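# Structure assessment
So the chains spell out like this:
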Amino acid sequence: MLMRAEAKPALDPDVRRLLRMLSLGGVSDPSTLTPRQMRQRFAAWAQTVDVRNAPIGRIENFVTPGPAGPVPVRLYAPEGATGPLPGFVYIHGGGCIFGDLETHDGLCRVLSHESGAIVLAIDYRCAPEHPYPAALEDCTAVVDWFAQHANELGIAPDALGIAGDSAGAGLAVTICRMAREGGPRLSLQLLFSPVLDLRADTPSRREFAVGYFLTQATIDWMLQHICATGIMPDDARLSPLRAGDFSGLPPAHVHTAAFDPLRDEGAIYVERLRGAGVPVDHTCHAGMIHHFYGMGGAVPNALDAVKHAARAAGAALRNEDRRAA
Amino acid sequence: MTAVRKLAEKSYAASADDLVAIQNIVREMLAKRDVVRAPAVNEDLRDAGLTSLDMVELVLAVESAFDLQIPESLITPANFQSIAAIGTVVEGLHR
């Protein structure tokens, strides 16, 4: 594991240090972990490596209506912002099993502050206690609510984007696909290292299967818990790359990482979107690993990458707003 | 005088204060997992219950507590096997 990391001089030096620190505990075997244990570990990881107390104008916690009861959400508003702003719904990663508002608090603060947009992060129901598609249903309900209440939240209705990372980015893509059939108008999909094909057999999945933070063993663990209740991994809601039609989707900003097993499925999605005539900005971040966007406290270049991505996404939504006006 | 201090004065490169500081970091990390035992200075930290993610937290906490950056070449399993081993690394970097 260590040797492979060392043989890749293009890894960001701070990422390489983190991977070395991870390797101190030996090769970890997630197969025996319960979802609760994985949640605790991911929460501890986020506390350790993510940016803390990043500047933000205002934070509000409340609930929005959901199909199985209220869905907790957290709203981030940039400092000193006035007038209709762009808005993002944010769907956190974690395989639809772990992750929450706290684990992605740093990222959402930076996204709001740097983009100048309102960000609404969703604490959706996770598997296996709430089998898929509970997560999808909660997120869809919050996106609908956000669009319907744009005016009162100070958001320009034509500058509404959807954002997410990892499995949350996969949910975002599925919601974009569903929204084509009479759903809210979404003007941008902002995706960090999206999970787009649970059965992907790409070179990056093989090359970075061990030793680059997100391991194939962890992916297998997630599959086992997600699919325990009968949903198939090639269901297009879970694996949107297995769907046929990519036309009519919102413009996309896709951020992949050079040393991420999910790198290639992100790139394939970019190709499919372009083939369908959807405008796409794609950045494959050199030297980065999966979840780099959540390591801003320990990896300065990752924080810079997120800031840059947020500014570009905010600018894209503002341009969209002008065009609509 | 604590057992750690007595031990340090007898046999370790690290100062007693450094060892106590490192032991406190480890104790706080374990306390978060409801383990209320302070590992012995020579105990293997993985045997004491620290996971891969914990080791990241530990290295970063040591760097923060001692205001130093541990060079990548020193981030090895041997150097982070025990509180005493970490103490030796910290002592070496402080000199």
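Residues numbered from 1 in each chain as written. Chains lettered and ligands numbered in written order. Predicted model: local features only at pLDDT ≥ 70, side-chain atom pairs only at ≥ 80, totals over all residues. Heavy atoms only, no water.

Residues and elements named next belong to chain A. If you walk through the whole model with that rule in mind, you get 17 salt bridges over all chains. For Asp105, the salt bridge is made with Arg109, and the minimal N-O distance between the two is 2.8 Å. One end of the pair is Asp105 and the other is Arg109, both in helix H4 (residues 105–115) and four residues apart, which spans about a single turn. Under the relative-accessibility criterion, Arg109 is labelled buried at 14%. Salt bridges sharing partners connect three or more residues here, namely Arg74, Glu102, Asp105 and Arg109. (Salt bridge = Lys/Arg side-chain N within 4 Å of Asp/Glu carboxyl O. Helix = DSSP H or I, 4+ residues; strand = E, 2+ residues; numbered from the N terminus. Buried < 20%, exposed > 50% of the residue type's maximum accessible area, 1.4 Å probe, protein only.)

Attention shifts here to the packing of aromatic side chains. Residue and element names in this part refer to chain A. According to the stated counting rule, one finds ten aromatic pairs over all chains in the structure shown. Seen in terms of ring centroids, Tyr212 and Phe259 are 5.9 Å apart; in terms of plane orientation they differ by 20°. Their pairing is stacked. Placement of the pair is Tyr212 in the loop between helix H8 (203–207) and helix H9 (216–226) and Phe259 in the loop between strand E7 (252–257) and helix H10 (263–275), with a sequence separation of 47 residues. An identical accessibility class is assigned to Tyr212 and Phe259; each is buried. With a centroid separation of 6.0 Å and 70° between ring planes, the pair formed by Phe246 and Tyr269 is classed as edge-to-face. Of the two residues, Phe246 sits in the loop between H9 and E7 while Tyr269 sits in helix H10, which places them 23 residues apart along the sequence. One exposure class covers both Phe246 and Tyr269, and it is buried. Put simply, the rings of Phe42, Phe98 and Trp221 pair up and form one aromatic cluster. (Phe/Tyr/Trp six-rings, centres within 6.5 Å; stacked < 30°, edge-to-face > 60°.)

We now examine the sheet that holds strand E4 (residues 118–122) of chain A. Residues and elements named next belong to chain A. The strand order E1-E2-E4-E3-E5-E6-E7-E8 describes an open sheet built from eight strands, whose pairing is mixed. The two strands at the open ends of the sheet, each matched to only one other strand, are strand E1 (58–64) and strand E8 (280–285). Going across the sheet, the axis of each strand differs from the next one's by a mean of 20°, ignoring polarity. The pairing of E1 with strand E2 (residues 71–77) spans seven bridges and is classified as antiparallel. Across the sheet, Asn61 pairs through a bridge with Arg74, a residue of E2. Sitting on the sheet, helix H7 (residues 167–179) touches strand E3 (85–91), strand E5 (155–165) and strand E6 (188–192), and the angle it makes with E5 is about 135°. (Pairing = 2+ DSSP bridges. Axes fitted to C-alpha atoms, helices over the stretch in contact; angles between N-to-C directions. Contact = heavy atoms within 4.5 Å.)

All right, on to the side chain of Thr256 of chain A then. Residues and elements named next belong to chain A. Its location among the elements puts Thr256 in strand E7. Overall, the relative accessible area of 1% leaves Thr256 in the buried class. Residues contacting Thr256, with those up to four places away along its chain left out, are Ser193, Arg263, Gly266, Ala267, His282, Thr283, Cys284, His285 and Phe292.

The next thing to look at is the environment of Arg185 of chain A. Within the secondary structure layout, Arg185 of chain A lies in the loop between H7 and E6. Considered as a pair, Arg185 of chain A and Asp158 of chain A are 27 residues apart in the sequence and their alpha carbons are 7.3 Å apart.

A word on the pairing of E8 of chain A. Residue and element names in this part refer to chain A. Where E7 and E8 come together, six bridges link them in parallel fashion. Residue pairing in the sheet places Val254 in a bridge with His282 of E8. As for the winding sense of the linkage, the β-α-β connection from E7 through H10 to E8 is right-handed. (Right-handed = clockwise from strand over helix to strand, strands pointing away.)

Turning next to the environment of Ala316 of chain A. Residue and element names in this part refer to chain A. Positionally, Ala316 belongs in helix H11 (residues 300–324). The exposure class of Ala316 is partly exposed, given its relative accessible area of 23%. Each C-alpha atom, one on Ala316 and one on Ser187, is 8.8 Å from the other, the two residues being 129 residues apart in sequence.

With that settled, the discussion passes to empty space enclosed by the protein. All names here are of chain A. Summed over the entire model, instances satisfying the criterion amount to one cavity of 30 Å³ or more. Approximately 30 Å³ is the volume attributed to the largest cavity. Along its surface, the largest cavity is lined by Tyr90, His92, Asp100, Leu101, His104, Cys108, Ala121 and Ile122. (1 Å grid on protein atoms, 1.4 Å probe; cavity = no way out; pocket = protein on both sides within 12 Å on 5 of 7 lines; lining within 4 Å. Points joined across faces, edges and corners; volume = space filled by probe spheres on them.)

What follows is about the side chain of Arg17 of chain A. You can see Arg17 of chain A is positioned in helix H2 (residues 13–23). Judged by its relative accessible area of 8%, Arg17 of chain A is buried. A distance of 2.6 Å separates the side chain of Arg17 of chain A from the side chain of Glu63 of chain B, its partner in a polar contact. Other than its neighbours up to four places away in sequence, Arg17 of chain A contacts Glu63, Gln69, Ile70, Glu72 and Ile75 of chain B. (Polar contact = N/O pair within 3.5 Å; in protein donor to acceptor, adjacent residues only side chain to side chain.)

Before going further, it helps to examine the confidence of the model for chain A. Taken as a whole, chain A shows an average pLDDT of 93; of its residues, 95% reach a score of 70 or greater. Under a pLDDT of 50 for its full length, residues 321–325 of chain A has, in the predicted model, five contacts with residues more than four places off or in other chains. (pLDDT = per-residue confidence, 0-100.)

Right, let's get into H2 of chain A. All names here are of chain A. For H2, the buried fraction is high: eight of the eleven residues fall into the buried class. Listing the buried residues of H2 in full gives Val15, Arg17, Leu18, Leu19, Arg20, Met21, Leu22 and Ser23. Where H2 starts, the residue carrying a side-chain oxygen 2.9 Å from the main-chain nitrogen of Asp14 turns out to be Asp12.

With that settled, the discussion passes to the nonpolar core. Across soluble globular proteins, nonpolar side chains show a tendency to be buried alongside one another. Core analysis: the largest hydrophobic core is formed by 138 residues, its most contacted members being Phe88 and Ile91 of chain A together with Leu58 of chain B. The contacts of Ile91 of chain A, once residues within four sequence positions are left out, are Ile122, Tyr124, Cys139, Ile162, Ala163, Gly164, Asp165, Gly168, Ala169, Leu171, Ala172 and Ile175 of chain A. (Core = buried A, V, L, I, M, F, W, Y, C linked by side-chain atoms within 4.5 Å.)

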